[in-house]
Amino acid sequence: MNGDPIIRKATLADASALDTCIDAAYAQYKLHINDLLRVSEGIAEEIQKNQVWVAV
């Protein structure tokens, strides 16, 4: 492997990692926006119903 990411369609097995990644990305904003909704909410359903892609 040459180190380039591989882009593929997400599976339900990716939901937990995506949830963690999204929550970490928004953590700094949650400190300042008390009513910020959980952006990762429903990621498993999004994977099932829509096209969600991941780079691995």
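For the structure given in this document, a descriptive report is provided here.

Calculation criteria
Residues numbered from 1 in each chain as written. Predicted model: local features only at pLDDT ≥ 70, side-chain atom pairs only at ≥ 80, totals over all residues. Heavy atoms only, no water. Core = buried A, V, L, I, M, F, W, Y, C linked by side-chain atoms within 4.5 Å. Buried < 20%, exposed > 50% of the residue type's maximum accessible area, 1.4 Å probe, protein only. Helix = DSSP H or I, 4+ residues; strand = E, 2+ residues; numbered from the N terminus. Contact = heavy atoms within 4.5 Å.

Focus: the nonpolar core
Right, on to step 1. Core analysis: the largest hydrophobic core is formed by seven residues, namely Ala-10, Ala-15, Leu-18, Ile-43, Ile-47, Val-52 and Val-54.
Right, on to step 2. Where this core is concerned, the elements lending two or more residues are α1 (15-30) and α2 (43-49).
Right, on to step 3. In this structure Ala-10 touches Leu-18, Ile-47, Val-52, Trp-53 and Val-54, once residues within four positions along its chain are discounted.

Some details on the side chain of Asp-19
Right, on to step 1. If you trace the backbone, Asp-19 turns up in helix α1.
Right, on to step 2. Setting aside anything within four residues of it in sequence, one finds Asp-19 in contact with Arg-38, Ser-40 and Ile-43.

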